Amino acid sequence: MHSFLRIVRPFRIQPLGLLMLVLLMLALPASLWAQTPSANAQNGPRTSLKLLHIGNSFSVDATKYLPGLARAGGKDLTLHGVVIGGSSMKVHVTHLEQAKAGDPAGSPYSARSFKKHYPEAQTINLMQALSAEPWDVVTIQQASIQSNKPETYEPYAGILIEEIRSLASQASIMVHQTWAYRLDASHFRPNPEKLRQEMYEGLTQAYDELAKRYQLGLLPSGNAIELAIRTPRWQFKRDPDFDYGNPPADTTPVEDRIYLGSRWARNKAGQMVFTTDTKHLGPAGQYLAACVWYEVLFNDSVLHVHYVPDVLTAEEAADLRQIAHQAVAEFREHGLKGAPASVSAN
């Protein structure tokens, strides 16, 4: 549970001290209590949500299938993002400071989804995005390459949180826990298993500390991905029948689809090249992360939300919903203490 209640030790309270404690609790904003996983679990399901994610391609990955899940679950979702590919919290803060100084460079975010609010704008700044709607939830995250390095989080996380609380005081701020890269990522050479585990443990600890420091809720996408890849169905394995060294044109290997993996794609010159993406999520991973967001943000079970994207079978989607449900349940019970060893039976 990411709440100061988790770290308070038992002690004897005198009558005056008890009165002061009660007054302090009453003075705390209700949104603080609502942001913790345990508090959410005690409330009823949410039927509508205005959500703004501040991030990069990883937050886009995690929310790709969220609108479909929301429609299937009978939820009213307003979803917008302010994203820059590969951006860290430092990048977002740099642009925020530029915007406050009147520098046009401070408006790097596409205004396409904000046309209702800013019909003439091509780009907007973070202050405009935060003021566009009465957001219920605003999410923040670190760039994946820095996610396991807690020294990179501050002072930028604090600046973003202060700005959100100033311009969208009604919103709950939640931390999006991103994921470790696939085992065959070049970052993990020459010791893939050890270095990947270090990345996962480092990012979970860093995000956990961030959530505790500011009393924020957390979306355990990374835990769900970790849980999935420990199952036979979703574990990464190279396709033994595919020639990676001389890949046939227009043919892709059969891989796990949690990550984007190996595929043919156009490079910047417009040429089709065979490439491998070990960082971003594939369709299965995107669906899994969206199921985590659905269950946490709407405080409602995703198990019976029968939305199945065309890229997945009904059986695959059901399995991923089960994994997401378990990841959220275990996080709410235990907090961030490492990935479980196996998935519970349906």
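Draft legend 1. The packing of aromatic side chains, seen in detail. Applying the stated criterion across every chain, the model contains 10 aromatic pairs. Centroid distance Phe 58 to Trp 179: 4.4 Å. Interplanar angle 5 degrees. Geometry classified as stacked. Highlighted residues: Phe 58 in helix α4 (residues 57-63) and Trp 179 in the loop between β6 (172-176) and α9 (192-214), separated in sequence by 121 residues. Residue Phe 58 is classed as buried on the basis of its relative accessible area, which comes to 4%. For Trp 179, a relative accessible area of 0% translates into the label buried. Pairwise contacts between aromatic rings join Phe 242, Tyr 244, Trp 264 and Phe 274 into one cluster.

Draft legend 2. Examining the packing of helix α6 (residues 89-100) against helix α8 (residues 156-167) more closely. Two numbers describe how α6 lies on α8: the axes approach to 9 Å, and their chain directions differ by 50 degrees. Regarding the angle of α6 to α8, the classification is oblique. Handedness of the α6/α8 crossing: left-handed. On the side of α6, the interface is formed by Met 89, Lys 90, His 92, Val 93, Leu 96, Glu 97 and Lys 100, while α8 contributes Tyr 156, Ala 157, Ile 159, Leu 160 and Glu 163. For the contact of α6 with α8, the per-class residue count stands at seven nonpolar, one polar and four charged.

Draft legend 3. Here's a closer look at the sheet that holds strand β5 (residues 137-140). The five strands lie next to each other as β2-β1-β5-β6-β7, forming an open sheet whose pairing is parallel. Pairing within the sheet leaves two strands with one partner each, and these edge strands are β2 (76-83) and β7 (217-219). On average, each strand axis in the sheet is inclined to that of its neighbour by 25 degrees, with strand direction left out of account. Of the strand pairs in this sheet, β5 and β6 are connected by four bridges, and their pairing is parallel. Bridging across to β6, Thr 139 finds its partner in Met 174.

Draft legend 4. Broad picture of the nonpolar core. Counting 86 residues, the largest nonpolar core has Phe 114, Ile 258 and Leu 288 as the members making the most contacts within it. With 11 residues, helix α11 (residues 283-297) is the largest single contributor of residues to this core. Sequence-distant contacts of Leu 288, defined by excluding residues within four places in its chain, comprise Ala 224, Ile 225, Ala 228, Ile 258, Leu 320, Ile 323 and Ala 324.

Draft legend 5. The packing of helix α10 (residues 221-229) against α11, seen in detail. Look at α10 against α11: their axes get within 9 Å of each other, and the N-to-C directions meet at 135 degrees. The angle between the axes of α10 and α11 places the two elements in the oblique class. Regarding α10 and α11, the two cross each other, and that crossing is right-handed. Here Ser 221, Ala 224, Ile 225 and Ala 228 of α10 lie close against α11, whose contacting residues are Gly 285, Leu 288, Ala 289, Val 292 and Trp 293. Its residues assigned to classes, the contact of α10 with α11 comprises seven nonpolar, two polar and no charged.

Draft legend 6. Main features of the pattern of salt bridges. Tallied over the entire structure, the rule returns 16 salt bridges. For Glu 163, the salt bridge identified is with Lys 100, shortest N-O distance 2.7 Å. Placement of Glu 163 in helix α8 and of Lys 100 in helix α6 is noted, with a sequence separation of 63 residues between them. Asp 319 serves as the salt-bridge partner of Arg 233, at 3.5 Å between the closest nitrogen and oxygen. Separated by 86 residues along the polypeptide, Arg 233 in the loop between α10 and β8 (259-266) and Asp 319 in helix α12 (residues 314-334) bring together distant segments of the chain.

Draft legend 7. Main features of the side chain of Thr 178. With respect to the helices and strands, Thr 178 occurs in the loop between β6 and α9. For Thr 178, a relative accessible area of 0% gives the class buried. Only 2.8 Å separates the side chain of Thr 178 from the side chain of Tyr 207, close enough to count as a polar contact. If near-sequence neighbours (up to four positions away) are discounted, Thr 178 is found in contact with Phe 58, Gln 141, Gln 142, Ser 147, Leu 203, Tyr 207 and Gly 222.

Draft legend 8. Quick look at the environment of Phe 114. By the element assignment, Phe 114 lies in the loop between β3 (109-110) and β4 (123-124). Residue class for Phe 114 comes out buried when judged on its relative accessible area of 0%. C-alpha separation for the pair Phe 114 and Gly 81, spaced 33 residues apart in sequence, amounts to 9.5 Å. Setting aside its immediate chain neighbours within four residues, Phe 114 contacts Leu 52, His 80, Gly 81, Val 82, Ile 124, Ala 129, Ala 132 and Trp 135.

Draft legend 9. Spatial organisation of α8. Compared with an ideal rise of 1.5 Å per residue, which puts 12 residues at 16 Å, α8 spans 17 Å between its outermost C-alpha atoms and is within 8% of the ideal. Of the residues making up α8, those classed as buried are Ala 157, Gly 158, Leu 160, Ile 161, Glu 163 and Ile 164. Tucked inside the fold, the buried residues of α8 contact β1 (48-55), α6, α7 (126-132), β5, β6 and α9.

Draft legend 10. Seen up close, unusual backbone geometry. A cis amide bond, omega 10 degrees, links Glu 154 with the succeeding residue Pro 155. Take Pro 155: it is sitting in the loop between β5 and α8. With an omega of 5 degrees, the peptide bond between Arg 189 and Pro 190 qualifies as cis. Here Pro 190 shows up in the loop between β6 and α9. For Gln 215, which is not glycine, the phi torsion reads 55 degrees and is therefore positive. Structurally, the position occupied by Gln 215 is in the loop between α9 and β7. In this structure Gln 215 comes out as buried when scored by relative accessible area, which is 16%. The backbone phi angle of Arg 257 is positive, close to 70 degrees, even though this residue is not glycine. For Arg 257, the position within the fold is in the loop between α10 and β8.

Rules and cut-offs
Residues numbered from 1 in each chain as written. Predicted model: local features only at pLDDT ≥ 70, side-chain atom pairs only at ≥ 80, totals over all residues. Heavy atoms only, no water. Phe/Tyr/Trp six-rings, centres within 6.5 Å; stacked < 30°, edge-to-face > 60°. Helix = DSSP H or I, 4+ residues; strand = E, 2+ residues; numbered from the N terminus. Buried < 20%, exposed > 50% of the residue type's maximum accessible area, 1.4 Å probe, protein only. Axes fitted to C-alpha atoms, helices over the stretch in contact; angles between N-to-C directions. Parallel < 35°, antiparallel > 145°, perpendicular 65-115°, else oblique. Left-handed = near helix turned anticlockwise from the far one by under 90°. Contact = heavy atoms within 4.5 Å. Nonpolar A, V, L, I, M, F, W, Y, C, P; charged D, E, K, R; others polar. Pairing = 2+ DSSP bridges. Core = buried A, V, L, I, M, F, W, Y, C linked by side-chain atoms within 4.5 Å. Salt bridge = Lys/Arg side-chain N within 4 Å of Asp/Glu carboxyl O. Polar contact = N/O pair within 3.5 Å; in protein donor to acceptor, adjacent residues only side chain to side chain. Expected span 1.5 Å × (residues − 1).

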